[in-house]
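One-letter residues, chain by chain:
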Amino acid sequence: MKRHFWAWAMALGFAGPALAQTALTNPTLLRVMTHSSFDLPKPLLSRFEQEAGVKLQLIKGGDAGEMLNKLILSQAAPVADVVYGIDNTLLPRALASGILAPFPSAAGSAAQRPAQARMADTAGADGAVGGLVPVNYGYVNLNIDTAWFAQKGLALPKRLQDLSSPAYRDLLVVPNPATSSPGQAFMLATVAGLGESAAFDWWARMRANGVKVVKGWSEAYYTEFSRNGGSRPIVVSYATSPAAEVFYSKEKISTSPTANVFMPAAVYRQVEGAALLQGASPTARAAGVKFIEFLRAPAVQQALQTSMWMYPAEPGTPRDPVMQHAQEPSSFESLALADLKSQAGRWQQRWTQVVLK
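Residues numbered from 1 in each chain as written. Predicted model: local features only at pLDDT ≥ 70, side-chain atom pairs only at ≥ 80, totals over all residues. Heavy atoms only, no water.

### Some details on the nonpolar core
F186, F291 and L295 are the most contacted members of the largest nonpolar core, which totals 75 residues. Every residue in contact with F291, bar those within four places of it in the chain, is listed here: L30, V32, F38, F48, L56 and V82. (Core = buried A, V, L, I, M, F, W, Y, C linked by side-chain atoms within 4.5 Å. Buried < 20%, exposed > 50% of the residue type's maximum accessible area, 1.4 Å probe, protein only. Contact = heavy atoms within 4.5 Å.)

### Observations regarding the side chain of S97
Relative to the elements of secondary structure, S97 occurs in helix α4 (residues 91-97). Its relative accessible area of 16% is what places S97 among the buried residues. Within the structure, S97 has its side chain in polar contact with the backbone nitrogen of I99 (distance 3.4 Å). Once residues lying within four places of it in the same chain are set aside, the contact partners of S97 are I72 and Q75. (Helix = DSSP H or I, 4+ residues; strand = E, 2+ residues; numbered from the N terminus. Polar contact = N/O pair within 3.5 Å; in protein donor to acceptor, adjacent residues only side chain to side chain.)

### Here we look at unusual backbone geometry
Although it is not a glycine, D170 adopts a positive phi angle of roughly 60°. Relative to the elements of secondary structure, D170 occurs in the loop between α6 (160-163) and β6 (172-175). The backbone of W309 sits at a positive phi, close to 55°, despite the residue not being glycine. When you line up the elements, W309 lands in the loop between α12 (298-303) and β11 (311-312). In this structure W309 comes out as buried when scored by relative accessible area, which is 9%.

### Comments concerning the environment of A107
For A107, the position within the fold is in the loop between β4 (100-101) and β5 (133-145). Taking the relative accessible area as the measure of exposure, A107 reaches 64% and is therefore exposed. Separated by 29 residues in the primary sequence, A107 and P78 have C-alpha atoms spaced 29 Å apart.

### Some details on helix α9 (residues 217-224)
Turning to α9, its buried residues are W217, A220, Y221 and E224. Buried residues of α9, viewed axially, fall in a sector of 120°; they line one side. (Arc of directions from axis to C-beta.)

### Some remarks on the pairing of β6
Residues L172 and V174 line one face of β6 and the alternating positions V173 and P175 line the opposite face, and both faces are buried. By the bridge criterion, two bridges tie β6 to strand β8 (residues 234-238) in an arrangement that is parallel. Paired with V173 across the two strands is V235, which belongs to β8. Note: β6 against strand β7 (residues 212-214), three bridges, orientation parallel. Pairing of P175 across the sheet is with V214, part of β7. (Pairing = 2+ DSSP bridges.)

Here is the structure:
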């Protein structure tokens, strides 16, 4: 049975020239919970459904933190069979909750092949932890509106301490780490890079200096960021965001209107994964394995670069040309899984006390 799943993935057109077998007359319903940023081309999803004999029910669960909360609260009566979008910052909570199911480790499967990024420091070369299989990765960091800074004649910040000075008052917007995975990743970057005491001292200074906190990344970037009509020219976003600006521009441009600011204690690598959920029927579980293999298939790994704006976890995947505007930082912060398990909840509570109360 385990070999069958990988044989199916290889037979599928995403991994080779051969076609999969004819779809089942009565497709298996597969409920997939995702965060709100999940986005793949419809033809790819339709082809998967047809060739795997599956009917997908995609359930958008909000930002990643909100999505995980929904899965934990509905654990007694699961609302999904598979989850995509739990990242390495949320992994400790997912493991502690017991919602994740083991992933069959057939030779050559996504849980056996090397990955470009690992879900945690405890993972092997395949990057998987507790059934969570890496699908893509990215870097949470600060983005700036270059035109705003040029117009104001204000120098770009070079370190976090700069942002707490009067010159940068009311310029930064961040997503709340309690409800947003990039918000949590940025908070963790400050703790990892500065140390706990210095990090929360910085956050206290930022509160006094007018940092704005919003629920999630979408509100931060598309509502509050000055590039999109807001008043804040510095936003917590991704290293790929400048590439997305070029890709979606109504006019043909060769330079992004936004730029990454990679500074110490302000860059965190986010790794997103997919997993089977406890409580799924055997039929749904089998379909879920196919779906996770599909997420690591070449066509999907290529497409997610310009649909979800993340880097592919599958080694050897060609980079889309627009990703030249999505530089990867030379260094980034990270935390051991053991520290995340024991301290992340307390850090989040401390952040809430320091910044919001």
